[in-house]
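# Observations on chain architecture
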Amino acid sequence: MTRRLVFLLTAGLALPAAAQQTGTIVGSVRDSAGAPVAGAKIDAVGVAFTLTGADGRFRLERIPAGSVRVRVVAFAFRPDSADLTVPAGDSVTWTVTLRAGVFYLPGLVVTAGKRPESLENVSASVAVLSDSAIARHAVNTIDEAVNRVPGVQFINGQINIRGSSGFEQGLGARVLLLVDGVPMNEGDRGGIDWDLVPVDDAERVEVVKGAGSSLYGSAALGGVVNIITRDIPEGIHGRVRFFGGGFANPPDSLWKFRNFTGMQGGGSLTGSFGTDQFRGALTVGGRHSDGYRQQDASDHLQVAGRGEWLPDPVTHVLFTGTWATHQYQVPLAWCGPNECANMRGLTFQPFRVADADSGNHTRSDHGYLTATVTRTPDENTTWMARASWLRTHFTDFQPKTNNDFAVADRFGAEGRMVRTPSKDQTVTVGAEATESQVTSDLFHNHTQEQFAAYGEAERVVGRARLTGGTRVDLLADDGGGMTAVISPHLAAVLPSEIGIWRASVGRGFRAPSLAEKFVTLPIPPFNAVPNPGLRPETAWSGEIGNAAVIAPWLTTDAAIFQTRASNYISPALAGDTIQFQNLQRARLTGLDVSARATPFTPALTLGVAYTYLDARELATDSTPNRPLPFRPRHLLTLSADYVRGPASVGVDFRYSSRIDRVELYTTDPRVAAKVLDLRAGWRLGAFDLRLLATNVLNYVYALAPRTLEPVATVTMTATYVY
């Protein structure tokens, strides 16, 4: 009996120790020519991941002994995977040769389904901008990169996905911004601050088109943008980035407004250190711009950090945060008739501001903190818990009138579990809570709460992948009672011989921001007054799409879509009073088409993307009326990239048709936007040099009323990575 008891006790102690035995996976990734592939993501599924170094080598430590699936993804290559057996206390080697696949983008998309899934399994239209694509375009901010996505357009800083938002002076974005899956729309105005993440800290940006409220709730009425920050590799690494350039002068001397050439420049420094358990990264940077218009200078400073703790192979704790201060002059609208002291005989002065707005400037401080714990206790279960805090604080300095300010705090929490009971079925359930607190002389002191529960199930039936789910949101603020919004969603994905078909239909909504409900502001000769009874705006959105490989050198993606919206929030004018009201019913119908090709040589890549949009108000539930404002009917993008050795050149052309309808200055002439950009790059080892010339034809045009879009600009960017 004693021996048996001793044996059982010994076995009981030994079993946990054996369960914790681990090994190591080492290897290298190369292309078909034998050259190392740097920056490839090596993922021991559900356990750990790392990136290959400049020599293409990688090392994954503390992998549980036994069988594990390992996969590798890299931009411009087809993915690969293998089932490896990891020996306890030893290592196994995996050497990978990747085949070129110019059109492949990293196969993990977190945004669309709130869980990792292959891009080809996503039922929505998704565009993925990798860090390589962002670097290739030589942009300096995230919004500049997103503005290159087919079907996306920015109007004076406000994002439009398939015409969802129009232009509302930055209030109430109908697109939800996420950073690593955490909502980041402002707590007071509901808008988006694109400076939350430094451009070099983004590993990729995912853009989901269409309603996403069934998982993400308010603001995901027109789409979702998720900025995924960089993973921190093991060891000591760093990145130094500098840029500088200048703006062209006005194309006509009558528009000249200064006696010097406007310049811009800035830089950032990133350092990281990682071990098998602890990893951290810090980025500091800033930039200055003289601007391309009168009273258009700005200064921006930022600190961003990321920390990771991996206490065991199945647990990941992530901390992220940023703080930025941005001081900028406010050009507002350009000089209209008799609004400037010296009009030089012209009716309009597009490079100058009205004398009444002289001296206006703004200081904006903003930042966030997030903490996320992700645990995968077994191969079929993953759970996540996160908490977040977003703060925005702006002050408008207006020498000729009164200053304005607003301080907003947005607190959020979420819990989620993803369960895969079988290889053909996945279930996602979660709950989320958000509270916004605002103190302002414009919006007064108010709070807004949102509570939600959501669920989604995915099932493979034959060759088809079917998805269904819903979310229930409870909305309340101190200006009224509680409102419930239900957002269901159905979707299907079907692989076929002519590509992968996808279809989806879902309901989106946006809760009115506190600014829209409670604003009190004199705008001579008008007065903006509050509307505490403002209700959420809702929309049903559906699409049918296909992604296909037509030939080894040609891929296409096409989708037809329609959105039917009700209770659209818009400002209404009655006498000398302006008030936000639930006014519009709308129908937005359109077509997205894109293609990429390497018809002559793999070194040359050609791209074309076109979006057709018919956006109409509805006089009744089915009768179209006038066009929705600030929605161009046609968007066209053409691109070409040629790479030879360390050198590359590229060209982009963007066309936006004349906007049919605007709501201010309706008699002002309007033109189509025709913008030509040129790019060149040189990569030599750890150095990367990029030259970008935007709007090289110095084409003068406007998308928002009396607000000049950027003129010709030349920027040089130098990056060193170690």
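Refer to the structure above for everything that follows.
Residues numbered from 1 in each chain as written. Predicted model: local features only at pLDDT ≥ 70, side-chain atom pairs only at ≥ 80, totals over all residues. Heavy atoms only, no water.

What follows covers the environment of Leu676. Checked against the element boundaries, Leu676 lands in strand 39 (residues 673-684). Separated by 191 residues in sequence, Leu676 and Val485 have C-alpha atoms that sit 44 Å apart. Excluding residues that lie within four positions of it along the chain, Leu676 makes contacts with Val651, Asp652, Phe653, Ala693, Thr694, Asn695, Val696 and Leu697. (Helix = DSSP H or I, 4+ residues; strand = E, 2+ residues; numbered from the N terminus. Contact = heavy atoms within 4.5 Å.)

Turning our attention to the pattern of salt bridges. Enumeration over the complete set of coordinates arrives at 49 salt bridges. Two residues, Glu117 and Arg115, come together in a salt bridge whose shortest N-O distance is 3.8 Å. We classify Glu117 as buried; its relative accessible area is 9%. Asp180 serves as the salt-bridge partner of Arg306, at 3.6 Å between the closest nitrogen and oxygen. (Salt bridge = Lys/Arg side-chain N within 4 Å of Asp/Glu carboxyl O. Buried < 20%, exposed > 50% of the residue type's maximum accessible area, 1.4 Å probe, protein only.)

Adjacent strands of a sheet form backbone hydrogen bonds with each other and so pair up, either parallel or antiparallel. Judged by pairing direction, the sheet is mixed, and its 5 strands sit side by side in the order 8-13-14-11-12 without closing on themselves. The open sheet has two edge strands with one neighbour each: strand 8 (125-130) and strand 12 (182-183). Of the pairings in the sheet, the one linking strand 8 to strand 13 (residues 202-209) comprises 6 bridges and is antiparallel in character. Across the sheet, Ser125 pairs through a bridge with Lys209, a residue of strand 13. (Pairing = 2+ DSSP bridges.)

Once that is clear, we can look at the pairing of strand 37 (residues 634-644). Direction of pairing for strand 35 (residues 604-618) relative to strand 37: antiparallel, over a ladder of 9 bridges. Bridging from a neighbouring strand, Tyr612 pairs with His634 of strand 37. The pairing of strand 37 with strand 38 (residues 647-656) spans 10 bridges and is classified as antiparallel. What sits directly across from Thr637, in strand 38, is Arg654. Connecting strand 37 to the antiparallel partner strand 38 that follows it, the hairpin turn spans 2 residues, and Gly645 within it adopts a positive phi of roughly 60°.

Next up on the list: the sheet that holds strand 3 (residues 48-51). The 4 strands lie next to each other as 3-2-5-6, forming an open sheet whose pairing is antiparallel. Only two strands of the sheet have a single partner each, and these edge strands are strand 3 and strand 6 (80-86). Strand-to-strand twist in this sheet, taken as the mean axis angle between neighbours without regard to direction, amounts to 20°. In terms of strand pairing, strand 2 (residues 41-44) meets strand 5 (residues 66-73) through 4 bridges, oriented antiparallel. Bridging from a neighbouring strand, Lys41 pairs with Val73 of strand 5. (Axes fitted to C-alpha atoms, helices over the stretch in contact; angles between N-to-C directions.)

Disulfide: a covalent bond connecting the sulfur atoms of a pair of cysteines. This structure, assessed with the given rule, holds 1 disulfide. In this model Cys335 forms its disulfide with Cys340; the gap between the sulfur atoms is 1.6 Å. Considered together, Cys335 and Cys340 belong to a single accessibility category, that of buried residues. (Disulfide = S-S within 2.5 Å.)

Once that is clear, we can look at the packing of aromatic side chains. Aromatic ring pairs: the centre-centre distance and the angle between the two ring planes describe each pair. Across all of its chains, the model carries 9 aromatic pairs by this definition. Both rings, one in Phe278 and one in Trp309, keep their centres 6.3 Å apart while their planes meet at 5°; by these two values the pair is stacked. Taken as a pair, Phe278 in strand 17 (residues 278-289) and Trp309 in strand 18 (residues 298-312) lie far apart in primary sequence, 31 residues in all. Overall, Trp309 belongs to the partly exposed group, its relative accessible area being 37%. Relative to Tyr720, the ring of Phe687 has its centre 4.7 Å away and its plane inclined at 40°; by these criteria the two rings are tilted. With a gap of 33 residues between them, Phe687 in strand 40 (residues 687-694) and Tyr720 in strand 43 (residues 713-721) connect regions that are remote in the sequence. Put simply, the rings of Trp255, Phe257 and Phe351 touch in pairs and so form one group of aromatic residues. Sitting over the face of the ring of Tyr568, Arg174 holds its NZ or CZ atom 4.1 Å from the ring centroid. (Phe/Tyr/Trp six-rings, centres within 6.5 Å; stacked < 30°, edge-to-face > 60°. Lys NZ or Arg CZ within 6 Å of the ring centre and 35° of its normal.)

Moving on, we come to a nonpolar patch on the surface. A contiguous nonpolar surface patch, about 1,100 Å² in accessible area, is contributed by Ile236, Phe273, Trp682, Leu684, Phe687, Leu689, Leu691, Val714, Met716, Tyr720 and Tyr722. Elements supplying a minimum of two residues to the nonpolar patch: strand 39, strand 40 and strand 43. Of note, Trp682 is situated in strand 39. Using a relative accessible area of 44% as the deciding quantity, one classes Trp682 as partly exposed. (Patch = residues over 30% accessible without salt bridge, like charges linked within 9 Å, V, L, I, M, F, W, Y side chains within 5 Å. Areas by Shrake-Rupley, 256 points an atom, 1.4 Å probe, with all protein chains shown as cover.)

This part is about the side chain of Arg279. Residue position: Arg279 is located in strand 17. For Arg279, a relative accessible area of 9% puts it in the buried group. A polar contact is formed between the side chain of Arg279 and the backbone oxygen of Ile232, at a distance of 3.1 Å. Setting aside chain neighbours within four positions, we find Arg279 in contact with Phe49, Ile232, Glu234, Phe273, Gly274, Arg306, Gly307, Glu308 and Leu310. (Polar contact = N/O pair within 3.5 Å; in protein donor to acceptor, adjacent residues only side chain to side chain.)

Looking along a regular strand, one sees side chains alternate from face to face of the sheet. Across 12 bridges, the pairing between strand 34 (residues 577-597) and strand 35 is antiparallel. The residue bridging Arg587 from the neighbouring strand is Arg616, located in strand 35. Linking strand 34 to strand 35, which pair antiparallel, is a turn of 6 residues. As paired elements, strand 35 and strand 36 (residues 624-627) share 2 bridges and run antiparallel to each other. Within strand 36, the residue paired with Arg616 across the bridge is Pro627.

Any link to function would need more than the numbers given here.
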